[in-house]
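Spelled out from the first residue to the last, the chains are:
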Amino acid sequence: MGKNIKINNSEPCLCGSGQKFKDCCKAKMFTSTTRYSEDILNNPQRVNAILQNMMDKTDFKTCVYPDKSCCKLPIKNAHTLQNNGVLSAVSELEHVMVTDPLNKVRKGYITRKISKNKATTFYGFCEYHDSYLFKDIELKEYKNEIKQNFLFAYRVLAQEYHKKERVISSLQNCVKENPSILISPIMVENYRMMDLARKDIRELLDIFNTSYMNQNFDILYNYVYKFEKQCRFAVTTMYVPASTLDGEELVDIYSKEKDRLPSVFLTIIPVNDCSYLIMSCLKLDYAKVKKYFDDIEKLDENKLKRFLNWTLPTYSENIVLSPKLWESWSEKAKNQYERIVSGMGGDFEKMLNREFPFETYEDMEIALKTQLGIIDMNNVPQYDLFLVE
Ligand SMILES: [Zn+2]
Ligand SMILES: [Zn+2]
């Protein structure tokens, strides 16, 4: 923290107006008062309604495939996780559990039961490309084929691209409506990180799109592990691994450098009576994350599960749980799991109000550590994603 928090006069304003900062929100940030009253900010339900509303306003429909000549409208609500295979395996009466920090209410959990048709969807592909591009993972059994591994990574990347664009526009809208939040260094820092991440994602998407167009799928290094039991959750995510498993810095995620940071793509899917972990990175990036992969590939199954138990909720709001799995966890386990999913974003409402966004400094430290991917491998989490009946 602490870097990149100064806004230069001549840079494009953070509200997205396209004007220079000095001609736009600079003056407003000290004169405007917060638009949200104390009453609203002290009511988590109201705050979440505001945040949800802000996110809803930024939804947009696109097909990220570059050759639009075959595009067939409408833009479908594409599933990041396969609907009939994977989601059916973890659903009960057509429902699954998902955890969304924006669902936070005064009491109760942010993990909710939703229809499996609505889980992990986004408007990133037209009808034609959604079914055509992904038929090798939608219609074919998973066999660790080069193209299949590529497709899992490609789809989560498309989703991440769509999400990052939306997060940036909602941050911009938030500044526009409420310039005084720019006084908060945390807010500015957050914006900077999101903006850099967006640049990286756009670059990655170009690489994947070009590879697809050239039918060259062999661009990834893959580690695939088979679990002998069918798990009761599924996940697909991508992240920048900041640390090795012993806490040594791997990548400076706060770096201001122009170089793209290396991403890891991670998918876990239940198939018939077993489950697969698919972890990939661009071959181009492998040297930078080799140590990370080496460490993970050396873990025995129990340690691998522990690593995944800590890591998955840290990096993903895209975890789908079977209702039975969720119900089998204790209250303590559920709370711990949700705290990790919420991470640094959980206290956005306080940030809006320019307050210190954590309960205690210790909480901040835990959040920062989680963000940096520092895992205490001797510590066993209360919940267990791999619990099977
Ligand atoms: Zn502005
Ligand atoms: Zn299309």
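Residues numbered from 1 in each chain as written. Chains lettered and ligands numbered in written order. Predicted model: local features only at pLDDT ≥ 70, side-chain atom pairs only at ≥ 80, totals over all residues.

### Remarks on the sheet that holds strand β8 (residues 274-282)
- Taking strand neighbours across the sheet as the criterion, the seven strands line up as β3-β2-β9-β6-β7-β8-β5 in an open arrangement whose pairing is antiparallel. Since the sheet does not close on itself, it has two edges, and those belong to β3 (111-115) and β5 (220-227), each with one partner. Each strand axis lies, on average, 20° off the axis of its neighbour in the sheet, ignoring direction.
- Each of β5, β7 (264-271) and β8 is contacted by helix α9 (residues 286-298), which is oriented at about 10° to β5, the strand it contacts most. (Pairing = 2+ DSSP bridges. Helix = DSSP H or I, 4+ residues; strand = E, 2+ residues; numbered from the N terminus. Axes fitted to C-alpha atoms, helices over the stretch in contact; angles between N-to-C directions. Contact = placed C-beta atoms within 7 Å.)

### Things to note about helix α8 (residues 185-213)
- Between its first and last C-alpha, α8 extends 42 Å over 29 residues, near the 42 Å set by a 1.5 Å rise per residue.
- Directly after α8, the chain includes Q215, whose backbone phi takes a positive value near 55°. (Expected span 1.5 Å × (residues − 1).)

### Notes on unusual backbone geometry
- With an omega of 5°, the peptide bond between L73 and P74 qualifies as cis.
- Here P74 lies in the loop between α3 (44-57) and β1 (75-79).
- Backbone geometry at L93 places phi at a positive 50°, although glycine is not the residue there.
- Counting through the fold element by element, L93 comes out in the loop between α4 (83-90) and β2 (95-99).
- Although it is not a glycine, N272 sits at a positive phi angle of roughly 40°.
- According to the C-beta neighbour criterion, N272 is exposed, with 10 such atoms within 10 Å. (Buried ≥ 20, exposed ≤ 12 C-beta atoms within 10 Å, placed from the backbone.)

### Some words on the pairing of strand β6 (residues 233-239)
- Where burial is concerned, most of β6 is hidden: six out of the seven residues are buried.
- As paired elements, β6 and strand β9 (residues 319-321) share three bridges and run antiparallel to each other. Across the sheet, the residue bridging to F233 is L321, located in β9.
- Where β6 and β7 come together, five bridges link them in antiparallel fashion. Residue pairing in the sheet places T237 in a bridge with L266 of β7.

### Focus: the packing of helix α7 (residues 146-177) against α8
- At a minimum axis separation of 9 Å, α7 and α8 run at an interaxial angle of 150°. In this view, α7 runs roughly antiparallel relative to α8, as classed from their interaxial angle. α7 and α8 meet at a crossing whose hand is left-handed. Across the interface between the two elements, Y154, L157, E160, Y161, K164, E165, V167, I168 and L171 from α7 touch Y191, M194, D195, A197, R198, I201, R202, L204, L205, F208 and Y212 from α8. (Parallel < 35°, antiparallel > 145°, perpendicular 65-115°, else oblique. Left-handed = near helix turned anticlockwise from the far one by under 90°.)

### Details of the nonpolar core
- If you look at the biggest cluster of nonpolar residues, it comprises 36 residues, and the most contacted ones within it are F125, F152, A153, Y154, L157, V264 and F265.
- Looking at this core, the elements that each hand over two or more residues are β4 (121-126), α7, α8, β7, β8 and α9.
- Here the element with the most residues in this core is α7; it accounts for nine residues.
- When sequence neighbours within four positions are dropped, the list of residues in contact with F125 reads C63, V64, Y65, K76, A78, D130 and A158. (Core = buried A, V, L, I, M, F, W, Y, C linked by C-beta atoms within 7 Å.)

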